[in-house]
Every structure is written in C-alpha cells, then in structure tokens.
Amino acid sequence: LGKIGLFTDMNAINNNEPGIYHSYMVCLATALNYIRGDLDPVWLMGSSGFAFRIFINEIMCPSAMSMFSFEDVLPNAVEQAGYNSIYVQRMRDETENEEIKRKEAHHQIIEGVERGVPAIVWDLYDVEWGLIVGYDNEQEFYHILSYEGKKSTLNFNKLGRNGIDILSVTIPGNSNIANRDERIINSLKIAVSHADGKE
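Residues numbered from 1 in each chain as written. Predicted model: local features only at pLDDT ≥ 70, side-chain atom pairs only at ≥ 80, totals over all residues. Heavy atoms only, no water.

Chemist: Describe helix H5 (residues 98-114), with residues and values.
Modeler: The terminal C-alpha atoms of H5, which comprises 17 residues, lie 24 Å apart, in line with the 24 Å expected from a rise of 1.5 Å per residue. Of the residues making up H5, those classed as buried are Arg-102, Ala-105, Gln-108, Ile-109, Ile-110, Gly-112 and Val-113. Contacts made by the buried residues of H5 are with strand E1 (83-90), strand E2 (119-122), strand E3 (129-136), strand E4 (141-146) and strand E6 (167-175). Once H5 finishes, Gly-116 follows within two positions and takes phi at roughly 85°, a positive value. (Helix = DSSP H or I, 4+ residues; strand = E, 2+ residues; numbered from the N terminus. Expected span 1.5 Å × (residues − 1). Buried < 20%, exposed > 50% of the residue type's maximum accessible area, 1.4 Å probe, protein only. Contact = heavy atoms within 4.5 Å.)

Chemist: Residue-level account of the packing of aromatic side chains, with values.
Modeler: Applying the stated criterion across every chain yields a total of six aromatic pairs. When the centroid spacing of 4.7 Å and the interplanar angle of 65° are considered together, the rings of Trp-122 and Trp-129 count as edge-to-face. Of the residues examined, Trp-122 reaches a relative accessible area of 3% and is grouped as buried. The buried category is assigned to Trp-129, whose relative accessible area is 0%. With centroids separated by 4.6 Å and ring planes inclined at 50°, the aromatic side chains of Tyr-142 and Phe-156 adopt a geometry described as tilted. Here Phe-156 lies in the loop between strand E5 (151-155) and E6 and Tyr-142 lies in strand E4, a separation of 14 residues in the sequence. Judged by its relative accessible area of 0%, Tyr-142 is buried. Taking relative accessible area as the criterion, Phe-156 reaches 12% and is therefore assigned buried. Through successive ring pairs, a cluster of aromatic residues spans Tyr-24, Phe-50, Phe-70, Trp-122 and Trp-129. When the ring centre of Phe-50 is taken as origin, the NZ or CZ atom of Arg-53, which lies over that ring, is 4.5 Å away. (Phe/Tyr/Trp six-rings, centres within 6.5 Å; stacked < 30°, edge-to-face > 60°. Lys NZ or Arg CZ within 6 Å of the ring centre and 35° of its normal.)

Chemist: I'd like to hear about the pairing of E6, residue by residue, with values.
Modeler: Counting buried positions over the nine residues of E6 gives seven, a clear majority of the element. Of the strand pairs in this sheet, E1 and E6 are connected by seven bridges, and their pairing is antiparallel. The residue bridging Val-88 from the neighbouring strand is Val-169, located in E6. Strand direction decides the pairing type here: E2 and E6, joined by two bridges, are antiparallel. Residue pairing across strands places Val-121 opposite Val-169, the latter belonging to E6. (Pairing = 2+ DSSP bridges.)

Chemist: Explain the sheet that holds E1 residue by residue, including any values.
Modeler: If you walk across this open sheet you meet the six strands as E1-E6-E2-E3-E4-E5, and the pairing is antiparallel. One side of each edge strand has no neighbouring strand; the edge strands of this open sheet are E1 and E5. Strand-to-strand twist in this sheet, taken as the mean axis angle between neighbours without regard to direction, amounts to 35°. Where E3 lies against E4, six bridges are found, and the strand directions are antiparallel. (Axes fitted to C-alpha atoms, helices over the stretch in contact; angles between N-to-C directions.)

So, in structure tokens, the structure goes:
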C-alpha cells in the first residue's frame, strides 16, 4: 500500500465537472481503485447517492458539512459500490466505549492493510476523512494519506481522538452480490430520501 496514490477523476477535470467532491468519497474512490483498478467515478457517485446530496448548514458552520449519520451513510456507500463493509464507530458521547472501539478499529485496520485494503478514517489529517495505508508496530504509528494527497503519520493512540473526538473507520470487505438494477433502485431511493430532508 506504500505506493497508493489519490484517485483523480481526469474526465471530470478535463470537462470542468465537479467529479468526486466529498472527502469521504475521494478516499473511498482511492481505496476501491487500488483494490480493483477500474473504478468508474460516475457510477460510484451515483450508486452511493453522493451525487444527489447537497451539504448545507443554516448557520454556515464549515464542520457541519461532515455532520450527518455516518453509520447510516458511509457503510452503505461501500455496499452500493459492490463490497461488504467493515465499519467501526464511536461518537463523542460514547466515552465508555472509547478504548474498546479504538482497539477494535485498530485490529480491523491492521487486518485490512495486511490484505491490501486501505481504511477510510475520520480526522486523520486536517479535519476530514483520510486513508490509513500502512503502519509501523515498533514506532506505533499509521502511515496516512489525506483526501488532498498529503502523506503523513498518526500515532496509534491518536486514532479517534486527533482533535475531533469521533472514531469512524470504514474498510471495504469482500465483493457482495447485489446486482446493478438493485443498486440503481437503492440510489434513487437515497436521492428521494435526501430530497425529502430525511438524512
């Protein structure tokens, strides 16, 4: 995973289109493209429902663009992309579960990296989603790639508490069997639900 590079939708750039515009989706696209190498960014944005989402907040708080139901939306984007999802979460108010969830997430991250799959993780670098692409057990840090393509490290003990006290880790699992028609119907349901203000 050391040579993984950020996925860039060159067709969108060349056509002056928005392409993949959310930090989670940039990371998911990068992970999936690394796994299989033939990512279709238009299909990913549509099937996940992110192509239909508009992020806005009544008091114009920048961080609100990332404050939605992670647990409902993020694993589903992976499932819609054709993979089972491994998801570990601990929100701010779940302080009693912090250590348990951090250990569970760490275990899943290491297992994912060992099978060649990066983890999409909240608040690794500059308060958005990024990717864990490797680790160093001796020095106890992860190798990370930000959604902007910057490489850095994060100490193991900072996972889920790197400034914003939320743990959210998504790792694509094995391929799932949902067919294309099912995914299209699901994405339309997501679009309607979002338009109705239900997210």
